[in-house]
Amino acid sequence: MSSDEKLIDFSAEREKRIHDIKEKRLVEKRQAFEQVLPLSKPKKKSKTKPKKR
């Protein structure tokens, strides 16, 4: 029988599923955290040199 095409690597599929679950949880936590403490946009540093005193 040539059932090579139908073989499933269960460990690889499980790793993908666990990764997806953890990624979903991480996204949910990040969104909840940003609602409580919104991240401010990073300030751009000026390219001019400070004046010497």
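First things first, this report covers the structure right here in the doc. Keep in mind it's a predicted model, so treat the numbers as computed, not measured. (Residues numbered from 1 in each chain as written. Predicted model: local features only at pLDDT ≥ 70, side-chain atom pairs only at ≥ 80, totals over all residues. Heavy atoms only, no water.)

When helices and strands are tallied, the protein chain shows one helix and zero strands. Within the protein chain, the fraction of its 53 residues that count as buried is 0%. When the accessible area of the protein chain is evaluated, it comes to approximately 6,600 Å², of which 56% is carbon and sulfur surface. (Helix = DSSP H or I, 4+ residues; strand = E, 2+ residues; numbered from the N terminus. Buried < 20%, exposed > 50% of the residue type's maximum accessible area, 1.4 Å probe, protein only. Areas by Shrake-Rupley, 256 points an atom, 1.4 Å probe, with all protein chains shown as cover.)

It is worth spelling out the pattern of salt bridges at this point. Counting across every chain of the model gives one salt bridge. When the shortest N-O distance is used, the salt bridge between glutamate 13 and lysine 16 registers 3.6 Å. On the criterion of helical spacing, the pair formed by glutamate 13 and lysine 16 is a turn pair, its members being three residues apart in helix α1 (residues 10–36). Of the residues examined, glutamate 13 reaches a relative accessible area of 37% and is grouped as partly exposed. (Salt bridge = Lys/Arg side-chain N within 4 Å of Asp/Glu carboxyl O.)

Our next topic: a nonpolar patch on the surface. Judged by side-chain polarity, Phe33, Val36 and Leu37 come together as a nonpolar surface patch covering roughly 330 Å² of accessible area. By the secondary structure assignment, valine 36 is in helix α1. According to the relative accessible area criterion, valine 36 is exposed, its value standing at 65%. (Patch = residues over 30% accessible without salt bridge, like charges linked within 9 Å, V, L, I, M, F, W, Y side chains within 5 Å.)

Honestly, that's just the spatial picture; any functional story needs more than this.
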